[in-house]
Amino acid sequence: MAIALATVLLIASCSGQRHPVASNAPSAAAGTGAHGGHGKPFTPPAAAPLRTSERFVNLRLPQPYTPSAPSGGTDEYRCFLVDPGLTGKAFLTGSQFLPQNTGIVHHAIIFRVDPGQAQAAGKLDASTPGEGWTCFGDAGVEDGDWVGHWAPGADETLLAQKVGYPMPAGSKLIIQVHYNLLAAEGKPVGSDQSGLRLRLTDGRTDLAPLITARLAAPVELPCTAEESGPLCDREAAVRDVVHRFGDQAGSSVTGLNGFCNDGKPPVAASTQHCEQKTEGPATVYAVAGHMHLLGRSIKVELNPGGPGARTLLDIPAYDFDEQAIRPLPEPVAVKAGDTLRVTCTHDAGLRRMLPAMRDLPPRYVVWGEGTSDEMCLGLLMLSPAAGAAG
C-alpha cells in the first residue's frame, strides 16, 4: 500500500503532510501457494441494509486502463479521478471497492479531495497520456484525505457509532490502484475498469468526523544466510527501489529510519518498530495492519510498558489475503502525549516458498511500493476530539 512519509493528523510523522491507510502479506500457511485473494473473480459480500439517511452511489473508473510498470519494475500505481456528484454536505459511512481484473489489482486506496484539489487533479489527468496518472507514494495531489481502502479481506466495514468521513459539496475522489504485474511474467495482462460502491449520508445529521491515521515503521530485512547477490547489499537495494519508484522512495527509506531510529545507522533485523506521540486527543474506533508478502506478524500498541498500556491490534500470523478493518470492541480514547507503537516481523525465508518470488534475485528488503518490497503500516480509524482538528 502506498504511503507518503507523513499523513497523520494527530500523530507526529516523518514529514509535514496533514492526514490522509494499507496492503498485504502471507502467513506461514500461505507461503507455499498462490494467494486466494488475487486472481479469482471477485464477488462482493451482500451489502448491509442502508441505515437512516444513507444512500448508495456507484462509480467506476472512467475508462478501461491497461497498466504498464515503469523503469523495468513489476508494479504500477495509477490514480483515477471520479465524481460522486455531491451538491450538498455528506458523510461517507462505508465503501466497497469492486476490483474487475483481480489478476493484477493488488489493492486500492480512496482519497477525498476538495473542489480546488479536484481541479488540480483534473489538470494532471489531462496532461498525462492514457487514463489517470502515475502516483507512487500518494495521490499526486496535496492534502488528499484517505477515506477508504481495499485489499483482500478488507470489504465494507460499518461502524456502529455515529461517525463518518466528511464529504463537503463538490468533493471528488481519487482512486489509487496498485497493479501488480509480477505474476504475468511479461505476458499481456488485459485492462481494468474497477468500480466503487459508496455509502453516503444525506448530510442532515452531523456525525463525528473520521480520519485514517497511519503508523509506519522501517523495514530493514537482510538476505538470509543461504542467499547472496548484488542486491543483498543495502545501498544497492535502496538504489534499485529509487530506480523503480523515484526519489520519493529513497526519501521514505531515509525518513523512516531518521524518525524511528533517531537518525542512527539502520539496524538490519527481521523485527522493526516505531513509536509516535499523539498531538491531540482522539477516539479510535477501528484498526488494520498492512505488510506485503514477507510479513509474519504485526502489532499496534497504546502506551506500551506504561500506565494504561493496551494492545489495539495483534496479528501473530499475518495473512496477505486477510486485511479486514477490525472495529474495536469499544472505542479507545487517546490523550495528547500518548505513545502509539507499530511493530512488524518479516521473514526473508518466505521468498523461496512463494511462487511469485522464488525466481527473483535475493535482496535486502527496505520500505518500498512494489510487491517484492515491504511495508510495516498500522492504520487507525479515529475521530479527533472537538476542536483538535484545526
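None of these values were measured; they are calculated from a predicted model.

Enumeration over the complete set of coordinates arrives at 17 salt bridges. Note that Asp145 is salt-bridged to Arg112, the shortest N-O span being 2.8 Å. A residue pair is termed long-range when its members are at least 10 positions apart, and Asp145 in strand β6 (residues 145-150) and Arg112 in strand β4 (residues 105-113) qualify at 33 residues. The pair Asp145 / Arg112 is uniform in exposure class, with both members buried. In this structure, Glu301 and Arg341 form a salt bridge, with 3.9 Å as the shortest nitrogen-oxygen distance. Here Glu301, found in strand β15 (residues 295-302), pairs with Arg341, found in strand β18 (residues 339-346); they are 40 residues apart in sequence, far enough to count as distant. The exposure class assigned to Glu301 is buried, which follows from its relative accessible area of 15%. Residue Arg341 is classed as partly exposed on the basis of its relative accessible area, which comes to 22%. Within this structure, Arg51, Glu54, Glu156, Arg197 and Arg199 form a network of salt bridges that share partners.

What follows deals with the environment of Ala217. Checked against the element boundaries, Ala217 lands in the loop between β11 (211-216) and β12 (220-221). It is 9.2 Å that separates the C-alpha atoms of Ala217 and Phe259, two residues lying 42 residues apart in sequence. Setting aside its immediate chain neighbours within four residues, Ala217 contacts Leu256, Cys260, Gln272, His273, Cys274, Val342, Trp367 and Cys376.

Attention shifts here to the pairing of strand β2 (residues 75-82). Of all the eight residues making up β2, eight are buried; the element is thus mostly covered by neighbouring parts of the structure. Burial along β2 is two-sided: Asp75, Tyr77, Cys79 and Leu81 facing one way and Glu76, Arg78, Phe80 and Val82 facing the other are all buried. In this structure, β2 lies alongside strand β8 (residues 172-180), joined through eight bridges in antiparallel fashion. Following the sheet pairing, Cys79 is matched in β8 by Gln176.

Calculation criteria
Residues numbered from 1 in each chain as written. Predicted model: local features only at pLDDT ≥ 70, side-chain atom pairs only at ≥ 80, totals over all residues. Heavy atoms only, no water. Salt bridge = Lys/Arg side-chain N within 4 Å of Asp/Glu carboxyl O. Helix = DSSP H or I, 4+ residues; strand = E, 2+ residues; numbered from the N terminus. Buried < 20%, exposed > 50% of the residue type's maximum accessible area, 1.4 Å probe, protein only. Contact = heavy atoms within 4.5 Å. Pairing = 2+ DSSP bridges.

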